[in-house]
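What follows is each chain in one-letter form.
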Amino acid sequence: MPLTTDAEIAELLGSARTIALVGASDRPDRPSFGVMKFLQDHGYRVIPVNPQITGEHVHGEFVWRELTQIGVPIDIVDIFRRPQAAGEAVDQAIAIGAKAVWMQIGVINEEAAARAEAAGLKVVMDRCPKIDIPRLRLPRIEQDA
């Protein structure tokens, strides 16, 4: 079952340090642009993934084509894709050993969620960390030195 309680969400966000943002945008009017900046300002390292703008930089981070290229451990894969396209991101998240997948508001893909859970990943669906972090009054993340 996807995580739904405040305690589960708070524990996931509190233990994460690195988030890969699939569907990151370099356009300020896109929700993923603002969410990425919010997460960075809250202390997370956010790594953007978007094949359309591979090689560019968003908020100071290099944009990767796909999750499998990143090469550093990922705690949460935050998915800004249409529900039918979320499955590919979930499969890549499983392949790289991510700890969790987070499907943004409006992104509901039960089959992909079931695959992630079967592989041992935590799943959040139809939520936004930019809303949950302030609502839960979570402290800023301090990166380990």
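Owing to the predicted nature of the structure, the values given are computational and were not obtained by experimental measurement. (Residues numbered from 1 in each chain as written. Predicted model: local features only at pLDDT ≥ 70, side-chain atom pairs only at ≥ 80, totals over all residues. Heavy atoms only, no water.)

1. Overview of the side chain of Asp75
Here is step 1: Counting through the fold element by element, Asp75 comes out in the loop between strand 4 (61-62) and strand 5 (76-79).
Here is step 2: The class for Asp75 is buried, based on a relative accessible area of 8%.
Here is step 3: Residues contacting Asp75, with those up to four places away along its chain left out, are Ala16, Arg17, Thr18, Ala98, Lys99 and Ala100. (Helix = DSSP H or I, 4+ residues; strand = E, 2+ residues; numbered from the N terminus. Buried < 20%, exposed > 50% of the residue type's maximum accessible area, 1.4 Å probe, protein only. Contact = heavy atoms within 4.5 Å.)

2. Considering the sheet that holds strand 6 (residues 100-103)
Here is step 1: With parallel pairing, the five strands of this open sheet are ordered in space as 2-1-5-6-7. Looking at strand neighbours, the two that pair on one side only are strand 2 (45-49) and strand 7 (122-124), the edges of this open sheet. Between one strand and the next, the sheet's axes are offset by a mean angle of 20 degrees, whatever the strand orientation. (Pairing = 2+ DSSP bridges. Axes fitted to C-alpha atoms, helices over the stretch in contact; angles between N-to-C directions.)

3. Here we look at the environment of Asp126
Here is step 1: For Asp126, the location among the structural elements is in the loop between strand 7 and helix 5 (129-135).
Here is step 2: The exposure class assigned to Asp126 is partly exposed, which follows from its relative accessible area of 35%.
Here is step 3: Ignoring sequence-local partners within four residues, the contact set of Asp126 consists of Met103, Gln104, Ile105, Gly106, Val107 and Ile108.
Here is step 4: Separated by 2.6 Å, the side chain of Asp126 and the backbone nitrogen of Gly106 make a polar contact. (Polar contact = N/O pair within 3.5 Å; in protein donor to acceptor, adjacent residues only side chain to side chain.)

4. Side note on the UniProt feature "domain: CoA-binding" (unreviewed entry) in the protein chain
Here is step 1: The sites that carry the UniProt feature "domain: CoA-binding" (unreviewed entry) are, in the present numbering, residues 13-107.
Here is step 2: As a span, residues 13-107 carries 26% helix and 23% strand, and end to end its C-alpha atoms are 19 Å apart. (UniProt positions renumbered as here; feature names shortened; annotations may be inferred.)

5. Some points on the pattern of salt bridges
Here is step 1: Scanning the entire structure with this criterion turns up 10 salt bridges.
Here is step 2: The closest approach of N and O atoms between Arg65 and Glu66, which form a salt bridge, is 3.1 Å.
Here is step 3: In this structure Arg65 comes out as partly exposed when scored by relative accessible area, which is 40%.
Here is step 4: Through salt bridges that share partners, Asp6, Arg127, Asp132 and Arg135 make up one connected network. (Salt bridge = Lys/Arg side-chain N within 4 Å of Asp/Glu carboxyl O.)

6. What to know about the packing of aromatic side chains
Here is step 1: For the structure shown, the criterion picks out one aromatic pair.
Here is step 2: Judged by centre distance (4.7 Å) and plane angle (65 degrees), the rings of Phe62 and Trp64 are edge-to-face. (Phe/Tyr/Trp six-rings, centres within 6.5 Å; stacked < 30°, edge-to-face > 60°.)

7. Regarding the packing of helix 3 (residues 86-96) against helix 4 (residues 110-118)
Here is step 1: At a minimum axis separation of 9 Å, helix 3 and helix 4 run at an interaxial angle of 5 degrees. The angle between helix 3 and helix 4 places the two elements in the roughly parallel class. Mapping the contact onto sequence places Gly87, Val90, Asp91 and Ile94 in helix 3 and Ala112, Arg115 and Ala116 in helix 4.
Here is step 2: Among the residues making up the contact of helix 3 with helix 4, the classes are represented as four nonpolar, one polar and two charged. (Parallel < 35°, antiparallel > 145°, perpendicular 65-115°, else oblique. Nonpolar A, V, L, I, M, F, W, Y, C, P; charged D, E, K, R; others polar.)

8. Notes on the nonpolar core
Here is step 1: Core analysis: the largest hydrophobic core is formed by 27 residues, its most contacted members being Leu13, Tyr44 and Ile76.
Here is step 2: Elements with a minimum of two residues in this core: helix 1 (6-15), strand 1 (18-22), helix 2 (31-41) and strand 6.
Here is step 3: Beyond its immediate stretch of four places on either side in the chain, Tyr44 contacts Leu13, Gly14, Ala16, Arg17, Ile19, Leu39, Ile133, Ile141 and Gln143.
Here is step 4: With 23 residues, the next largest nonpolar core counts Val22, Val77, Ala116 and Leu121 among its residues. (Core = buried A, V, L, I, M, F, W, Y, C linked by side-chain atoms within 4.5 Å.)

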